[in-house]
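Now for the letters of each chain:
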Amino acid sequence: MIELQGISASTGAALGSFYLMPLPISKPTESLSSDEPDTEIEKLNAAANQISDLLAERAERVTGEAQAILYASSEIAVDTALLSTAESLIRKGNSAVSAIWEASEVFSQLLTEAGGYLAERASDVGNIRDRIACILSGVNYPEIPQLDTPVILIAHDLSPADTTDLQPGQVLGIITEQGGPTSHTAIIARTLGIPAVVACKGVVTAATSLMSARVGLDARTGAVTFNPTVEVEDALRDVSAALALRRSVEPNRSPEGYLTRDGFKVPIYANVGRVEDVAVAIESGADGIGLLRTELLYLGRQSAPSLADQRETYTKMLSPFRGKRVVIRTLDAGADKPMAFINFSHEPNPALGIRGYRTIAINKDLLLTQLEAIRDASLASGADVWVMAPMISLPSEAEEFASLVHSYGLKSAGVMVEVPSAVFFAQEITQVSDFVSIGTNDLGQYLHAADRESAQLAAFNDPWQPALLRAVRQVAAAGIAQECPVGVCGEAASDPALAAVLIGLGVTSLSCNVSAIQDVALAMTSITHLEMQSAAKAALAAPSARAARTSARAHLSALIKLGF
Ligand code: PEP
Ligand code: MG
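Here is what the cut-offs are and how they apply
- Residues numbered from 1 in each chain as written.
- Chains lettered and ligands numbered in written order.
- Predicted model: local features only at pLDDT ≥ 70, side-chain atom pairs only at ≥ 80, totals over all residues.
- Heavy atoms only, no water.
- Salt bridge = Lys/Arg side-chain N within 4 Å of Asp/Glu carboxyl O.
- Helix = DSSP H or I, 4+ residues; strand = E, 2+ residues; numbered from the N terminus.
- Disulfide = S-S within 2.5 Å.
- Buried < 20%, exposed > 50% of the residue type's maximum accessible area, 1.4 Å probe, protein only.
- Axes fitted to C-alpha atoms, helices over the stretch in contact; angles between N-to-C directions.
- Parallel < 35°, antiparallel > 145°, perpendicular 65-115°, else oblique.
- Left-handed = near helix turned anticlockwise from the far one by under 90°.
- Contact = heavy atoms within 4.5 Å.
- Nonpolar A, V, L, I, M, F, W, Y, C, P; charged D, E, K, R; others polar.
- Pairing = 2+ DSSP bridges.
- Expected span 1.5 Å × (residues − 1).
- Donors = N, O, S within 2.8 Å, 3.2 Å for Na, K, Ca; no water.

S.K.: Help me understand the pattern of salt bridges in this model?
M.R.: Two side chains bearing opposite charge may form a pair once their charged atoms approach each other closely. Throughout the structure, instances matching the rule amount to 23 salt bridges. Between E233 and R237 there is a salt bridge, and its shortest N-O distance comes to 2.9 Å. In this pair, E233 and R237 both sit in helix α9 (residues 230-247), 4 residues apart, roughly one turn of the helix. Here D287 ties to R253 by a salt bridge, and the two come within 3.0 Å at their closest N and O atoms. One end of the pair, D287, is in the loop between α10 (275-283) and β13 (289-293); the other, R253, is in strand β9 (residues 253-254), with 34 residues separating them in the sequence.

Below, the structure is given as structure tokens:
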């Protein structure tokens, strides 16, 4: 038996034989070409266009975040900066394959250095390069094959383009060497309900040397086992059986939110970013929207969307929620989300630079137009609209934002708590805000000084980290003292056991990834508020993420029986 440890990327467990995805192509050892540069450039442009078309066509077949990523990838494939770097290398005598290889290394290095969302694009560049290089070298790109029997998929990493046609019935589970809890693989696995473990170091080497082994994965804990013992196999089967049991239970619900076993109300909202996500959120049983990421409507545009455009889009997104809560976040631009129409000057460390609410210093009109559009959409839709600002560090910023929002006739103004200073200012911030929402993704990365996109640092960004839980407790306590609602809208709220702990810590609502809503609702139904408080107390006292999880789960036995 060989045991490896990765990071949990979804829920459930899987057991069976595996299929190891081959690396598409390796770095060319020979860089020079004997062909004419013009011919090589022509071949490169043709291959890049072919891949761009293929990615755009795959984007049409999916929805939500995967679609956005695929459209962005389609543009990257024909990006002028990428192709002109490659062209100048070809003019120096390089072959088209080595030129695109080198140019994409430079390009993805730039994206990685920018961090965050842009760093995520870096792994897309690798996939685009592989696809272009395969065409130029005349080899087939290894797509996920049609398999006769369901298998566990093991890969170095998976891009959204690789997984467009993935069938949950065909793939029992996914294990990747790369990626983190918020990576593409994790998002896709959660969306499709496939058990998945990411950032599992050594899994490709182990799979290469144990080609006919069976593999088991426990997506709840991130444990991966090659040739598991009978006991481990039985335990994994129990988790799978629990999953089946879970599918037979209905969550308890009231008009104001889901209910714990003892009737404590927990509204569960959805995180959305695009118009098409709204229908999925409703289908998943969301009580409303807890995080509407408006920047996804702005990304990739050369000019700011007009007031009329924004009014129309927001109205479309809000209309299905007449009388229900929708929390809209104002533009979270900067750093990992640069916008062509905002004049960001070069910053040595963009993650700590002008971003989120701070962009008002360079373009306040953007925020004012956005508030106007939100006010109009709120009136037109009849939704209960709450507005919040991202990346708030000081009470003075929260106060300024609240008076601005109120001046537009919008009654509920809040802020995200995702910077450590906002945790220490929780008393003051909850005094001047109508609500707050904790962004555990950024709060985790800033608390631990660990880039949330880095696979190497994924353990620091484990949402069970006790420092993060202690920060949540501090904010929740301030909220209770000031009678200010405190939600969590980071990915932490999408883990059913952790969601229970967050409620135990005093958080008043959760906003989840749409694919997690039903699981989190079931988790609430299965346990009492008191059990959640005991689990929270145990997790807070733990010295590590792993210990926090283990000790909290000891108080959540009914939830464990359901396989969470
Ligand atoms: C967060 O930081 O937790 C959050 C919800 O915001 P985003 O993931 O969009 O940065
Ligand atoms: Mg954030």
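From this point, the discussion proceeds with the structure in view.
S.K.: I tried to follow the state of the cysteines on my own but got confused; where do I start?
M.R.: Each disulfide is one covalent bond, formed between the sulfur atoms of two cysteines. Summed over the entire model, instances satisfying the criterion amount to 0 disulfides. Between C484, a cysteine without a disulfide, and C489, which holds the nearest cysteine sulfur, the sulfur-to-sulfur distance is 14 Å. No disulfide involves C512; its sulfur sits 10 Å from the nearest other cysteine sulfur, which is in C489.

S.K.: Help me understand the environment of V230 in this model?
M.R.: Tracing the chain through its elements places V230 in helix α9. V230 sits in the exposed class, given a relative accessible area of 59%. A sequence separation of 200 residues divides V230 from T430, and the C-alpha atoms of the two residues are 53 Å apart.

S.K.: Can you help me understand the packing of helix α11 (residues 307-318) against helix α12 (residues 364-381) in this one?
M.R.: To characterise two packed helices, one gives the angle between the axes of the helices and the distance between these axes. Where α11 contacts α12, the two axes come as close as 8 Å, and the packing angle between them is 40°. Here α11 is positioned oblique relative to α12, judged by the angle of their axes. The two elements α11 and α12 meet at a crossing, and its hand is right-handed. Every residue of α12 that contacts α11 at L307, Q310, R311, Y314, T315 and L318 is listed here: T369, Q370, E372, A373, I374, D376, A377, S378, A380 and S381. In terms of residue class, the contact of α11 with α12 is made up of 7 nonpolar, 6 polar and 3 charged.

S.K.: Just to check I follow, could you spell out the sheet that holds strand β2 (residues 7-8) for this structure?
M.R.: Either a parallel or an antiparallel arrangement is found when strands of a sheet pair, and the pairing is made through backbone hydrogen bonds. Taken in spatial order, the 8 strands of this open sheet run β1-β8-β7-β3-β4-β5-β6-β2, and their pairing is mixed. Looking along the sheet, the strands with just one partner apiece sit at the ends: β1 (2-5) and β2. Across 4 bridges, β1 lies against strand β8 (residues 223-226) in antiparallel orientation. Bridging from a neighbouring strand, Q5 pairs with A223 of β8. Packing against the sheet, α9 makes contact with β3 (13-20), β7 (214-218) and β8, and its axis sits at approximately 110° to β3.

S.K.: Mind showing me how you'd approach unusual backbone geometry here?
M.R.: Apart from glycine, the bulk of residues carry a negative phi angle, and the bulk of peptide bonds sit in the trans form. With a phi close to 55°, M391 is a non-glycine residue in the positive phi region. By secondary structure assignment, the location of M391 is in the loop between β15 (384-389) and α13 (395-407). Taking the relative accessible area as the measure of exposure, M391 reaches 1% and is therefore buried. Located in the positive-phi region is E483, a residue other than glycine, with phi close to 55°. With respect to the helices and strands, E483 occurs in the loop between α17 (466-482) and β18 (486-488).

S.K.: How do you make sense of the sheet that holds strand β19 (residues 509-513) when you look at a structure like this?
M.R.: Ordered by their spatial adjacency, 8 strands build a closed barrel running β12-β13-β14-β15-β16-β17-β18-β19, and the pairing between neighbours is parallel. Looking at each pair of strands side by side, their axes are set apart by 25° on average, direction ignored. Where helix α19 (residues 517-526) meets the sheet, its contacts fall on β12 (268-272) and β19, and the angle it forms with β12 comes to roughly 160°.

S.K.: Explain α17 to me, please; I cannot follow it from the model alone.
M.R.: In an α-helix, one full turn covers 3.6 residues, which means residues spaced three or four apart are oriented alike. For α17, spanning 17 residues, the distance from its first C-alpha to its last is 24 Å, which sits close to the expected 24 Å at 1.5 Å a residue. Listed in full, the buried residues belonging to α17 are P466, L468, L469, A471, V472, V475, A476, A478 and G479.

S.K.: When you look at the coordination of the magnesium ion (ligand 2) in this model, what are you seeing that I'm missing?
M.R.: Ideal geometry at a metal centre: 109.5 degrees between donors when four sit tetrahedrally, and 90 or 180 degrees when six sit octahedrally. Around the magnesium ion (ligand 2), the protein supplies E418 (OE) and D442 (OD) as donor atoms, at distances of 2.0 to 2.2 Å. One end of the pair, E418, is in the loop between β16 (412-417) and α14 (420-424); the other, D442, is in helix α16 (residues 440-448), and 24 residues separate them in sequence. Neither E418 nor D442 differs from the other in exposure class; each is buried.

This is a description of form; function is not addressed.
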